[in-house]
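Next come the chains, spelled out residue by residue.
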Amino acid sequence: MKNYQAGQIKSIALLGNAGSGKTTFAEAMLLNGGIIERRGSVENKNTASDYRPVEHENGNSVFASVLHTVHDDKKINILDAPGLDDFAGGVISSLLVTETALMMINVQNGVEVGSEIHFRHAERMNKPMILCINGLDHEKTNFDKSVEMMKDRFGGNVTLVQFPVNEGEDFDSIIDVIKMKMLKYPKEGGLCEEHDLPSEYADKAAELQAELIEKAAENDESLMEIFFENDTLTEDEMKSGIKTGLLQRGIFPVFCASAKGNKGVDRITEFIANVAPLAPETPAWKTEDGNEIKWDADGDVSLFVFKSSIEDHIGEINFFKVISGKIKENLDVTNQLNSTKERLSQIFVSAGKNRVKVNELFAGDIGAVVKLKSTKTNHTLNSSGSFSFPKIKFPEPKFRTAIRPNSEGDEEKLGEALSRMHQEDPTILVEYSKELKQIIVYGQGEYHLNILKWHLDNIFKIETEYYAPKIPYRETITKSAQADYRHKKQSGGAGQFGEVHMIIEPFEEGSEPNPAMKVNGKDYKLSIRDKDQHKLEWGGVLEFCNCIVGGSIDGRFMPAILKGIMEKMEEGPLTGSYARDIRVYVYDGKMHPVDSNEISFKLAGRNAFSNAFKSANPKILEPVYDVEIMVPSDRMGDVISDLQGRRGMVLGMNSEKGFEVVKAKVPLAEMNKYSTALSSITGGRAMYSMKFAEYVQVPSDVQDVVIKAYAEQQEEE
Ligand SMILES: Nc1nc2c(ncn2[C@@H]2O[C@H](COP(=O)(O)OP(=O)(O)OP(=O)(O)O)[C@@H](O)[C@H]2O)c(=O)[nH]1
Ligand SMILES: [Mg+2]
């Protein structure tokens, strides 16, 4: 493969709702560029992009694929991102390392929730956006309706560059208003023939071209002047205005295609090659310290690894973006996250399942490397200079489940498999929860974790079971209570004796211990000799006050008492959950000259605390999440009543471009399998995100249920 310099490389991310034709479009781009000889299809499970077994099994993209094609003297990197929101991680990493997004719109449905989600990712990442209305060969198409929905949802920068002559099963011709030509395609698709504009389309084409020229001019002052002077722009001026507009997200040019028929694909590829921005024309990347690293092919080498995967026959492969410099085979670089020296012994450009070895790559290009020692996604590799680029901000998890291997001996294998899956898809998170005594896996949705399970079953061959994840409740108290406990074991051998008297009360941030208090009608005067505030790793505080006078308990036993209390804080008396925000006053006790020791006072402290806790009107706190749901207006009522059925509190709603955004607070305990429920309520036309907000007391009926469930579980164990 020839070497492409920095000025000859473009990179695009294929976006769009699931099934809108991204993978099919990429396949046609590769055929037209001569990267593949024959076109595969998603149905035949033989596309270059959807090459993993799980994608063949499910008939959709699961991972983002790195591909490339060539057009004239340009190389175009293509990141084919998955459309389903469960695989959002692949969309975000694809957008990060490409300069332009190409969004597929399925002409049968227009703007779908997936289109909306991807549009927002691109908007948030400030990416230039080209739009393609695909599937114009379908029996039922409605080009104008799709255009209308796009203008309604994506705004006034949506600007037509083309319109179809004959949408429907015979689709083969497009009017292009940059060229003011009709593009006609052979039956089998491929490269078009340019024809003069048929007169019946001249008016519409002229009208659309005028709109396009105005849009192109408005993003560039010098062009605006030319436009006012000449009342038009030349094709080259138009193209430069469109490029400026793309970079400012001031124009979203709209093209037409049938990816399946390979019609219109060549023209869009040509537009990308000639008009879409080069990496050096886009903002420079910033390091974690905020320093800019220029897209300079003559600069020091700096790479960012945006994807890692394990492939048959070659093992681990890391995909990277060259941010600066020129890399050559066998170049030595340093991993900035673990200081490992890495040699780029073999570098490739990728076309999905196929890879081509190359000997050099320039700034702005995308490549792959194998056999690195300890480099993964989010790692920066430099030839010199110690800086790294910020990690990819993947979306917060939205779905979780507990997992266990069917056979006990498989724990280690499962651990390795899960960490490998996390490496391939960083939005799969694994937590070995000491608190819940479960392995919890987190993902973007139920389907996402079903795909994980598919890999465990079929690739790693480990039988596992998903089961209900416990809720990380918290326990606390709401009033003061007193308790004392004598631990005594004096039946032959080393005896044990320890007695502890304590008062506990709720701890509030900023409050001070109170030497005089009334508990259960009895007055106490305490002399607070010493207090220790312990910030708990699970949140909240335990404040331990030593109020012993007259040596009733020797100071050397206080840490043991605290240890006993901490054990109960780790495994609360109500449900075995972590306890928080409690102040303890140890104000009296008894010792035995021989039998008193640490274990005695630990147990006395522990049991006194447990008893006091139970009589301090203890409450269970549950994690509550901020949930934001984007739902089509016609389904908002159903979504809200479903939320209310989940003890959700709707905080507000606002309309955004044909969607309603509902904000609510919902207990985690009620969010189990929410992605699936929401999808069935809205016909898959909604999306949501959730983020931990706070701990809130559970309602008393729920408290009773949770305590009862814990008691039953205790009996079973
Ligand atoms: N008739 C017709 N079918 C198409 C066209 N483009 C794609 N398809 C079909 O639509 C289905 C989905 O196509 P894909 O290319 O997998 O869509 P995708 O956008 O990659 O979907 P995800 O990977 O799930 O995000 C396949 O059955 C394709 O054959 C088209 O232009 N016309
Ligand atoms: Mg796909």
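None of the values given here were measured: they were computed from a predicted structure.

What the protein contains, in helices and strands, is 16 helices and 40 strands. Dimensions of the protein along its principal axes, counting C-alpha atoms only, are 105 × 60 × 50 Å. Among the 717 residues that make up the protein, the fraction classed as buried is 57%. In the protein, the share of contacts with a sequence separation of at least 24, taken over all contacts with a separation of at least 6, comes to 71%. If you sum the accessible surface of the protein, you get close to 30,100 Å²; carbon and sulfur atoms cover 47% of it.

This paragraph deals with the pattern of salt bridges. Enumeration over the complete set of coordinates arrives at 50 salt bridges. Close ionic contact of Glu 194 with Lys 179 constitutes a salt bridge, the shortest N to O distance being 3.0 Å. Of the two residues, Glu 194 sits in strand β10 (residues 193–196) while Lys 179 sits in the loop between β8 (173–176) and β9 (181–184), which places them 15 residues apart along the sequence. Taking the relative accessible area as the measure of exposure, Glu 194 reaches 44% and is therefore partly exposed. Of the charged contacts in the structure, one is a salt bridge between Lys 673 and Glu 446, with a shortest N-O distance of 2.9 Å. Of this pair, Lys 673 sits in the loop between β39 (659–667) and α15 (674–682) while Glu 446 sits in helix α11 (residues 446–458); the two residues are 227 residues apart in sequence, bridging distant segments of the chain. By relative accessible area, which is 42% here, Lys 673 ends up partly exposed. The network of salt bridges with common partners includes Asp 176, Lys 179, Glu 194, Arg 267 and Glu 270.

Once that is clear, we can look at the pairing of strand β3 (residues 74–80). The buried count for β3 comes to 7 of 7 residues, which makes it a mostly enclosed element. Covered by surrounding structure in β3 are Lys 74, Ile 76, Ile 78 and Asp 80 together with Lys 75, Asn 77 and Leu 79, the residues of both alternating faces. Across 6 bridges, strand β1 (residues 9–16) lies against β3 in parallel orientation. What sits directly across from Ile 9, in β3, is Lys 75. Two strands pair when backbone bridges link them, and strand β2 (residues 65–71) and β3 are joined in this way by 7 bridges, in the antiparallel orientation. Across the sheet, the residue bridging to Val 70 is Lys 75, located in β3. Between β2 and β3, which pair antiparallel and follow one another directly, the connecting turn spans 2 residues, one of which, Asp 72, has a positive phi of 50°.

Before going further, it helps to spend a moment on the site of ligand 1. As a structural note, the neighbourhood of ligand 1 is formed by 21 residues, with Lys 22, Thr 24, Glu 43, Gly 83 and Asp 137 the closest of them. A distance of 3.1 Å separates an oxygen atom of ligand 1 from a polar side-chain atom of Asn 134. Sort the elements by how many residues they give to the shell around ligand 1 and helix α1 (residues 22–32) lands first, with 3 residues. Of the residues contributing to the shell around ligand 1, the split by class is 4 nonpolar, 13 polar and 4 charged.

Okay, the sheet that holds strand β17 (residues 331–335) next. Sheet architecture is open: 8 strands sit in the order β18-β17-β23-β14-β15-β22-β19-β20, paired in antiparallel fashion. Because the sheet does not close on itself, it has two edges, and the strands there are β18 (341–344) and β20 (354–358). Ignoring which end each strand starts from, the neighbouring axes of this sheet average 40° apart. Relative to β18, β17 runs antiparallel, the two sharing 4 bridges. Paired with Asp 332 across the bridge in β18 is Arg 343.

With that settled, consider the coordination of the magnesium ion (ligand 2). Tetrahedral metal sites with four donors have an ideal angle of 109.5 degrees; octahedral sites with six donors have ideal angles of 90 or 180 degrees. Donor atoms from the polypeptide that coordinate the magnesium ion (ligand 2) comprise Thr 23 (OG1) and Ser 61 (OG), at 2.0 to 2.1 Å from the metal. Placement of Thr 23 in helix α1 and of Ser 61 in the loop between α2 (53–58) and β2 is noted, with a sequence separation of 38 residues between them. Classification of Ser 61 by relative accessible area gives buried; the value is 9%.

Moving on, we come to the sheet that holds strand β24 (residues 399–405). On the basis of which strands lie adjacent, the open sheet formed by 4 strands has the order β25-β26-β24-β27 and antiparallel pairing. Strand pairing shows two members of the sheet lacking a second neighbour, β25 (429–433) and β27 (464–467), which therefore form its edges. Here the average twist between neighbouring strands, direction ignored, is 35°.

With respect to the helices and strands, Gln 438 occurs in strand β26 (residues 438–443). With a relative accessible area of 5%, Gln 438 lands in the buried category. Reaching out from Gln 438, the side chain makes a polar contact with the backbone oxygen of Ala 468 at a distance of 3.2 Å. Not counting the four nearest positions on each side in its chain, Gln 438 is found in contact with Ala 402, Glu 431, Tyr 432, Ser 433, Tyr 467, Ala 468, Pro 469 and Lys 470.

Grouped together as the largest cluster of nonpolar side chains are 77 residues, with contacts concentrated most on Phe 25 and Leu 102. Among the elements that take part in this core, helix α6 (residues 199–218) stands out by supplying 7 residues, more than any other. When near neighbours in sequence (up to four residues on either side) are disregarded, Leu 102 contacts Ile 12, Ala 13, Leu 14, Leu 15, Phe 25, Ile 130, Cys 132, Ile 268 and Ile 272. Ranked by size, the runner-up nonpolar core spans 57 residues in total, among them Ala 481, Met 558, Ile 582 and Ala 604.

All right, on to the domain arrangement of the protein then. Per the domain assignment, the segments making up the protein are domain 1 (8–205 + 250–281), domain 2 (285–379), domain 3 (399–470), domain 4 (475–617) and domain 5 (620–708). The C-alpha centroid of domain 4 is placed 40 Å from the C-alpha centroid of domain 3.

With that settled, consider the packing of helix α10 (residues 411–424) against α11. A packed helix pair is summarised by two numbers, namely the angle formed by the two axes and the spacing between the axes. The contact between α10 and α11 brings their axes to 11 Å, and the two run at 130°. Comparing their axes, α11 and α10 come out oblique. Note that α10 runs across α11; the crossing there is right-handed. When α10 is examined against α11, the residues Leu 414, Ala 417, Leu 418 and Met 421 are found in contact with a partner set consisting of Leu 452, His 455 and Leu 456. For the contact of α10 with α11, the class distribution of residues is 6 nonpolar, 1 polar and no charged.

The tally for this structure, following the rule as stated, stands at 0 disulfides. Free of any disulfide, Cys 192 has its nearest cysteine sulfur in Cys 256, 13 Å distant. Judged by its relative accessible area of 22%, Cys 192 falls in the partly exposed class.

Evaluation of the coordinates by the stated rule reveals 18 aromatic pairs. Consider the rings of Phe 227 and Phe 228, whose centres lie 6.0 Å apart with planes at 40°: the pair is tilted. What makes Phe 227 buried here is its relative accessible area of 12%. Since its relative accessible area comes to 63%, Phe 228 is described here as exposed. On the numbers, 6.5 Å between centres and 80° between planes, the contact of Trp 285 with Trp 295 is edge-to-face. Pair noted here: Trp 285 is in strand β12 (residues 285–286) and Trp 295 is in the loop between β13 (292–293) and β14 (302–311), with a separation of 10 residues, a long-range link. Residue Trp 285 shares its accessibility class with Trp 295, and that shared class is buried. Connected via pairs of aromatic rings, a cluster forms that spans Trp 285, Trp 295, Phe 304, Phe 387 and Phe 389. Directly above the aromatic system of Phe 163 lies the positively charged group of Lys 204, at a separation of 4.3 Å from the ring centroid. We note Lys 398 situated over the ring of Tyr 688; from NZ or CZ to the ring centre the distance is 5.0 Å.

Cut-offs used in this document
- Residues numbered from 1 in each chain as written.
- Chains lettered and ligands numbered in written order.
- Predicted model: local features only at pLDDT ≥ 70, side-chain atom pairs only at ≥ 80, totals over all residues.
- Heavy atoms only, no water.
- Helix = DSSP H or I, 4+ residues; strand = E, 2+ residues; numbered from the N terminus.
- Buried < 20%, exposed > 50% of the residue type's maximum accessible area, 1.4 Å probe, protein only.
- Contact = heavy atoms within 4.5 Å.
- Areas by Shrake-Rupley, 256 points an atom, 1.4 Å probe, with all protein chains shown as cover.
- Salt bridge = Lys/Arg side-chain N within 4 Å of Asp/Glu carboxyl O.
- Pairing = 2+ DSSP bridges.
- Near = heavy atom within 4 Å.
- Polar contact = N/O pair within 3.5 Å; in protein donor to acceptor, adjacent residues only side chain to side chain.
- Nonpolar A, V, L, I, M, F, W, Y, C, P; charged D, E, K, R; others polar.
- Axes fitted to C-alpha atoms, helices over the stretch in contact; angles between N-to-C directions.
- Donors = N, O, S within 2.8 Å, 3.2 Å for Na, K, Ca; no water.
- Core = buried A, V, L, I, M, F, W, Y, C linked by side-chain atoms within 4.5 Å.
- Domains from an automatic or database assignment.
- Parallel < 35°, antiparallel > 145°, perpendicular 65-115°, else oblique.
- Left-handed = near helix turned anticlockwise from the far one by under 90°.
- Disulfide = S-S within 2.5 Å.
- Phe/Tyr/Trp six-rings, centres within 6.5 Å; stacked < 30°, edge-to-face > 60°.
- Lys NZ or Arg CZ within 6 Å of the ring centre and 35° of its normal.

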